[in-house]
Structures are given as structure tokens and as C-alpha cells.
Amino acid sequence: MVFKIGLLGLGTVGSGTAEIIYNPQGRHPLLNDIAIHKIGVNSLTKKRNIELPGDVLTTDLESIVTDPEIDIIIELIGGLEPARTLILKAIASGKHIVTANKAVIARYGSEIFAAAKEAKVYVLLEAAVGGGIPIVEPLKQSLGANRIENIIGIINGTTNYILTEMTEKGSDFGEVLEEAQRLGYAEADPTADIEGYDAADKISILASLAFDRKVKREDVYSEGITNITASDIDYADKLGFVIKLLAIAQKTLEGNEETLQLRVHPTLVTTSHPLANVNGVFNAILVEGQPLGQVMFYGPGAGSGPTASAVVADTLNIVGVLQSNGKGQTLDPLLSSAPQTQADISPIEDVNSRFYTRFLCADVPGVIGHLGTAFGDYGVSLASVVQIGFQGEFAEIVVVTHHVREGNFRSAIEEIRSLNAIQDIPSIIRVL
Ligand code: HSE
């Protein structure tokens, strides 16, 4: 039996997906059982670098999601609308969904999964996180025996590329961003990537799967990389660290009280850590659970071929289940996911972290003593204090703390800002 696909979007990932489906030789035999029925695009006249059958393109995307002949909708248009509405309409019409759309799943996942459960259809999203890296299905299936404790990922290729270039070339953020845009590694509007929003979408999806909780996207703390300077990268290096934009999901248990910490921020990572050597546009996700311990998933986190690889794998998963179980049967619980319980997410002030902080201060007696006292007043214990040199007339001091509740650290910083000898606090970066 041949299953018919409605493909929404023929951009980078859409073209990669069509390419695989039209060329099944040497790939999984189930690929011979799927056929692209319609492709929804914005323009019928745009030049494409893929050969397509004459009547496959249409600009009427709504007609695709309601077409009775179509079994599976592959949504690759991205963005919130019309993607959300089209997905919900497709589900209401009994179609299974494969999507790469992290933004829509992070914000409307609960609504979409509930509708899918009701309609007894699958919504698979391997391509939404980590591009070609298998991480969504492993969390649902291969790691299902584990109690997941934490996930730490580099899940935005653009920012990892920028930080890697800054580290290797000693260049400043703005310079590297411009170069990345010129080379097509960064979007014309890079906000979602450089502000950490894209990584926050992705970690909220991973956390929801790993901890079986509904996650409110707005509860995920995110801080981007726009304030990272070449000097911080240099000082970090001298202290034995590299700077990475990490997305972290962690479960904490106090008695029976379970809370999740969900955050995205630039982080000093010790050079011996497995994530420290994940460079360029590559992504990696380190998952820790019991009894497995740690496992790391590494690979190309974006791009046409890698993302299409994940899209088609999801499509094959659905076709495989439909082949063996038939349509309209009970959903396979290992493939479908619909957490019922809302996550209790800790405010960032309650998260314990270590901090790297750079101060510019007057070179007068007692400054380090004043810093130490202010930190001590709020219970912030210091791991190291180094005066690294001068910027003009001001001494530059770098402090690394031990683990401390972020709220306490922030209160200490407020007090330190008011000290006469403190000229500026140019950087505060969390340490893994
Ligand atoms: N903008 C994303 C990144 C692409 O840079 O990783 C894939 O989600």
C-alpha cells in the first residue's frame, strides 16, 4: 500500500525531503511505499533546483491539509501561523503530522498533541531539535527505561558557529555575525538564534519529552550571546574554559516535590567537558539518566540533508506503524506523546549556579576586600579572584564563585555596583 504525503513548504528542508522521497534507492525499503501527492508553496513560478512532476505544486495549502487522498502532512513552512492552523486542520482531517517546527511545538504542543490524541493520529517532530541528530525518538523510546536527570545541549548551530569563530580568531561578536550572515550560516534576522529563543524552544520540547511534563515556553529563561566579548573568551581560556551557549533542563527533587530548571545562557565550560569540543555549526546533546549514566548525541544540527533525514525517518515510522496496525487503531504509546501534568519550573533566582564576573575598579587598597565582604554578606563563596591587568586606569578583576542561589548572587552584585571603587561590571557569565 502506498501512503500519500502532502508536503507544506519547499525551502531548504522541504527540497531535501523531496529529494530523499524521490530517490529511495539504497535507503529503507519502506520509502517505496510513500509518494508525494502535493507540495504547498508560495510561488508556482520560482525556480527550483529539484525536478518535480508537473501538477504537484499548489499555492493552496489548505486544500492539501483537507485532501482526502493524503495520509501524512509534512509541515516545513516554519513560524507560528499559518503553521499552527494548518497542523490543527490536518489533524482534524485525520492526517498524521511530521514537522520540523520547534516554534509551533514549543508554544502550541499541548494543544496539538491533545488534538492528535483525540483524532488518533501521530505528530512526530524529530527534525525540530538537533536537525539530523536523533534525540526526540531516543528520548521517547531508546532511553525510556531511564529516569532522566538532566539534559545539557548545544542546540543552536548559528550561535555555536559564532562563538567558535570568536574563540578561534579572537574576533568580536558583531564582526563574526556579519561574516556568518554573508556565508548564509546566520539568518538575515538572527534575533531568535542570537538571543537564545531558538534554543529555548528546543530545550522546552526536550524537557517535555524527557520529564513527561507540559512546559510553558515563557517559563524558560533565555539569555543570548550578544554581550559576549573577545576579552571574555580570552579570560575564560586563561582560566581553562570555553564559552558555549548551553540549553539546560534539570530535574530537582526535594522530598516528593519535583521542579524543573529550564534555561538557555552563555556558559563557561571547562575544556575537558565533552561539550567543550563541539564546534562550528554542530550540535550536541548530553543526556544523563539512571541507570544509563551519560550519553551524548552529536552531529549536524541544521541544513537541508540532515534535517530532511530526520523528517523522512519520522515519516517512515508512521508508515511502518500504519502498515502493521492499519489506520484508525490505537496509537503506539512509544511514538505518540501527550504529557498531562504541568511542569513546575523554578524561577531563575532559585537556580544554583557558579558565576564568572569581570569587574573594572579603581586600583586602590581594599577593593578586593570590599568585593569579598559584599559577596560574603549574601552567602556567596568565592572559588577564585584574579586581578588580570588594567584597562586604562582601572584594574580588571575576575571572580569565579562556587555554587550559589542566583537570587543571592544578584543581591550581592547590586550591593557591589554601589561601591565607590567599582567602575563597571562588564560581564557576568554562568559556569557549568
Ligand atoms: N537556526 C537554527 C540553528 C537552525 O542555528 O541551529 C535549526 O533549528
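Basis of the calculations
- Residues numbered from 1 in each chain as written.
- Predicted model: local features only at pLDDT ≥ 70, side-chain atom pairs only at ≥ 80, totals over all residues.
- Heavy atoms only, no water.
- Pairing = 2+ DSSP bridges.
- Helix = DSSP H or I, 4+ residues; strand = E, 2+ residues; numbered from the N terminus.
- Contact = heavy atoms within 4.5 Å.
- Axes fitted to C-alpha atoms, helices over the stretch in contact; angles between N-to-C directions.
- Near = heavy atom within 4 Å.
- Polar contact = N/O pair within 3.5 Å; in protein donor to acceptor, adjacent residues only side chain to side chain.
- Areas by Shrake-Rupley, 256 points an atom, 1.4 Å probe, with all protein chains shown as cover.
- Nonpolar A, V, L, I, M, F, W, Y, C, P; charged D, E, K, R; others polar.
- Domains from an automatic or database assignment.
- Buried area = accessible area lost by both parts, 1.4 Å probe.
- Salt bridge = Lys/Arg side-chain N within 4 Å of Asp/Glu carboxyl O.
- Buried < 20%, exposed > 50% of the residue type's maximum accessible area, 1.4 Å probe, protein only.
- Core = buried A, V, L, I, M, F, W, Y, C linked by side-chain atoms within 4.5 Å.
- Parallel < 35°, antiparallel > 145°, perpendicular 65-115°, else oblique.
- Left-handed = near helix turned anticlockwise from the far one by under 90°.

## Quick word on the sheet that holds strand β4 (residues 72–75)
An order of β3-β2-β1-β4-β5-β6 is seen for the 6 strands of this open sheet, with the pairing classed as parallel. Of all the strands in the sheet, the pair left with one neighbour each is β3 (57–58) and β6 (123–124). Bridge count between strand β5 (residues 96–99) and β6: 2 bridges; the pairing is parallel. Residue pairing for β6: valine 98 is matched across the bridge by leucine 124. Its contacts with the sheet place helix α1 (residues 12–22) against β1 (3–8), β2 (34–40) and β4, and it is angled at close to 150° to β2.

## Describing the site of the ligand
The environment of the ligand is formed by Lys102, Asn156, Gly157, Thr158, Asp193, Asp198, Lys202, Gly301 and Ala302. The separation between an oxygen atom of the ligand and a polar side-chain atom of lysine 102 is 2.6 Å. Side-chain polar atom of lysine 202 to an oxygen atom of the ligand: 2.8 Å apart, as the coordinates give it. Considered on its own, the ligand offers 260 Å² of accessible surface; in the complex 81% of this is hidden by protein. For the shell around the ligand, the secondary structure elements donating two or more residues are α6 (157–169) and α9 (197–211). Classifying every residue of the shell around the ligand by side-chain character gives 1 nonpolar, 4 polar and 4 charged.

## Quick word on the domain arrangement of the chain
Looking at the assigned domains, one finds that the chain contains domain 1 (3–132 + 304–336), domain 2 (136–300) and domain 3 (348–431). Look at where the C-alpha atoms of domain 1 and domain 2 centre, and you get two points 27 Å apart. Between domain 1 and domain 2, the contact holds 20 residues from the first and 17 residues from the second. Note on domain 1 versus domain 2: buried area summed over both sides is about 1,500 Å², and carbon and sulfur give 60% of it.

## Here we look at the pattern of salt bridges
For the coordinates displayed, the defined rule picks out 21 salt bridges. Of the charged contacts in the structure, one is a salt bridge between arginine 213 and glutamate 258, with a shortest N-O distance of 3.4 Å. Placement of the pair is arginine 213 in the loop between α9 and β8 (221–222) and glutamate 258 in strand β10 (residues 257–270), with a sequence separation of 45 residues. Measuring nitrogen to oxygen at the nearest pair gives 3.0 Å for the salt bridge that ties lysine 238 to aspartate 234. With lysine 238 and aspartate 234 both in helix α10 (residues 230–238), this residue pair falls 4 residues apart, about one helical turn. Accessibility expressed as a relative area gives 59% for lysine 238, which makes it exposed. In the salt-bridge network here, residues are joined through shared partners; they are Glu223, Glu349, Glu406, Arg410 and Arg430.

## Some remarks on the environment of isoleucine 34
In this structure, isoleucine 34 sits in strand β2. When the C-alpha atoms of isoleucine 34 and glycine 379 are compared, they prove to be 62 Å apart, with 345 residues separating the residues in sequence.

## A closer look at the pairing of strand β15 (residues 394–401)
Counting buried residues along β15, 8 of its 8 residues qualify, which places the element largely inside the surrounding structure. Where burial is concerned, the two faces of β15 agree: the one with Phe394, Glu396, Val398 and Val400 and the one with Ala395, Ile397, Val399 and Thr401 are both buried. Summarising the sheet, strand β13 (residues 352–362) and β15 pair through 7 bridges and their orientation is antiparallel. The partner of alanine 362 across the bridge, within β15, is phenylalanine 394. Direction of pairing for strand β14 (residues 382–391) relative to β15: antiparallel, over a ladder of 8 bridges. The partner of valine 386 across the bridge, within β15, is valine 398.

## Quick word on the environment of glutamate 288
In this fold, glutamate 288 is placed in strand β11 (residues 282–290). Its relative accessible area of 24% is what places glutamate 288 among the partly exposed residues. It is 6.3 Å that separates the C-alpha atoms of glutamate 288 and isoleucine 151, two residues lying 137 residues apart in sequence. Leave out the neighbours within four places in its chain, and glutamate 288 touches Arg147, Ile148, Glu149, Asn150, Gly293 and Gln294.

## Describing the environment of glycine 6
Of note, glycine 6 is situated in strand β1. Considering only alpha carbons, one finds glycine 6 and proline 426, 420 residues apart in sequence, at a separation of 51 Å. Among all residues touching glycine 6, those that are not within four sequence positions of it are Lys38, Ile64, Ile70, Ile72, Ile73 and Ile74.

## Examining the nonpolar core
If you look at the biggest cluster of nonpolar residues, it comprises 77 residues, and the most contacted ones within it are Ile151 and Ile162. A total of 9 residues in this core trace back to one element, the largest contributor, which is α9. For isoleucine 151, the contacting residues outside a window of four places in its chain are Leu139, Ile203, Leu206, Ala210, Ala247, Ile248, Ala249, Ile285, Leu286 and Val287. Ranked by size, the runner-up nonpolar core spans 34 residues in total, among them Ile36, Ala308, Ala310 and Leu331.

## Re the packing of α6 against helix α7 (residues 173–183)
Packing of α6 against α7 leaves a shortest axis separation of 9 Å and a crossing angle of 125°. The angle between the axes of α6 and α7 places the two elements in the oblique class. Regarding α6 and α7, the two cross each other, and that crossing is right-handed. Here α6 contributes Tyr161, Ile162, Glu165 and Met166 to the contact with α7, which in turn contributes Phe173, Val176, Leu177, Glu179, Ala180 and Leu183.

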